[in-house]
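Coordinate inspection notes
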Amino acid sequence: MDNMFKLCGFWTGIFAVMFYVGHMIPASLLLVASTIFFVLLGYLKLSERMYMYLFGAYLMIFMVGFSYYSIFIHVPGAGH
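Attention in this report is confined to the structure presented alongside it. The shown structure was predicted, so the numbers you read here are calculated from the model rather than taken from an experiment.

**Looking at the nonpolar core**
- With 11 residues, the main nonpolar core is built from Phe 5, Ala 16, Phe 19, Ala 27, Leu 31, Phe 38, Leu 41, Tyr 51, Tyr 58, Phe 62 and Tyr 69.
- Looking at this core, the elements that each hand over two or more residues are α1 (2-21), α2 (25-42) and α3 (48-73).
- Sequence-distant contacts of Leu 31, that is, excluding residues within four places in its chain, are made with Thr 12, Phe 15, Ala 16, Phe 19 and Phe 62.

**Some thoughts on the pattern of salt bridges**
- Under the criterion given, the structure shown has one salt bridge.
- Ionic pairing is found between Asp 2 and Lys 45, a salt bridge with its closest N-O pair at 2.8 Å. Residue Asp 2 is located in helix α1, and its partner Lys 45 is located in the loop between α2 and α3; the two are separated by 43 residues in the primary sequence.
- What makes Lys 45 exposed here is its relative accessible area of 60%.

**Things to note about the packing of α1 against α2**
- Across the interface, α1 lies against α2 with an axial gap of 8 Å and an inter-helix angle of 165°. Classed by the angle they form, the pair α1 and α2 counts as roughly antiparallel. As for how α1 packs across α2, the hand of that crossing is left-handed. Counted together, Asp 2, Phe 5, Lys 6, Cys 8, Gly 9, Thr 12, Gly 13, Phe 15, Ala 16, Phe 19 and Tyr 20 of α1 and Ile 25, Ala 27, Ser 28, Leu 31, Val 32, Ser 34, Thr 35, Phe 38, Val 39, Leu 41 and Gly 42 of α2 form the full contact between these two elements.
- Tallied by class, the residues present in the contact of α1 with α2 amount to 13 nonpolar, seven polar and two charged.

**Notes on a nonpolar patch on the surface**
- Taken together, the side chains of Met 1, Met 4, Leu 7, Phe 10, Trp 11, Ile 14, Phe 15, Met 18 and Met 52 make up a nonpolar region of the molecular surface, amounting to roughly 900 Å² of accessible area.
- Examining the composition of the nonpolar patch, we find that seven residues originate from one element, α1, more than from any other.
- Assignment of secondary structure puts Met 4 in helix α1.
- Using a relative accessible area of 47% as the deciding quantity, one classes Met 4 as partly exposed.

**A look at the environment of Leu 54**
- One can find Leu 54 in helix α3.
- Here the alpha-carbon distance between Leu 54 and Ala 33, two residues 21 residues apart in the chain, equals 15 Å.
- Every residue in contact with Leu 54, bar those within four places of it in the chain, is listed here: Leu 41 and Leu 46.

About the criteria used
- Residues numbered from 1 in each chain as written.
- Predicted model: local features only at pLDDT ≥ 70, side-chain atom pairs only at ≥ 80, totals over all residues.
- Heavy atoms only, no water.
- Core = buried A, V, L, I, M, F, W, Y, C linked by side-chain atoms within 4.5 Å.
- Buried < 20%, exposed > 50% of the residue type's maximum accessible area, 1.4 Å probe, protein only.
- Helix = DSSP H or I, 4+ residues; strand = E, 2+ residues; numbered from the N terminus.
- Contact = heavy atoms within 4.5 Å.
- Salt bridge = Lys/Arg side-chain N within 4 Å of Asp/Glu carboxyl O.
- Axes fitted to C-alpha atoms, helices over the stretch in contact; angles between N-to-C directions.
- Parallel < 35°, antiparallel > 145°, perpendicular 65-115°, else oblique.
- Left-handed = near helix turned anticlockwise from the far one by under 90°.
- Nonpolar A, V, L, I, M, F, W, Y, C, P; charged D, E, K, R; others polar.
- Patch = residues over 30% accessible without salt bridge, like charges linked within 9 Å, V, L, I, M, F, W, Y side chains within 5 Å.
- Areas by Shrake-Rupley, 256 points an atom, 1.4 Å probe, with all protein chains shown as cover.

This is how it looks when you write it as C-alpha cells:
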C-alpha cells in the first residue's frame, strides 16, 4: 500500500508541473502540497487500514479545496 501512495505522489507531481506550465499557479501549489503529502505517507509504513482512512480524509479535503479553487478563484479563459 505504501508503494501506491508513492505512485499517487508521482502523478500529482506530474499534474503540478502541468498546471504550472499552464500558468495556473494556485492549482499547481495545491498539487505540490498533495505530492509532498503522498510521498511522505509512502515512507511511513502504516497499516493498510490506516492508509485507507488517510486516503479517504485526503479525498474529502482535496475535493473541497479544488472545488473552492475552481468555482471562486479560477477565471476560465483569462489566459494571456
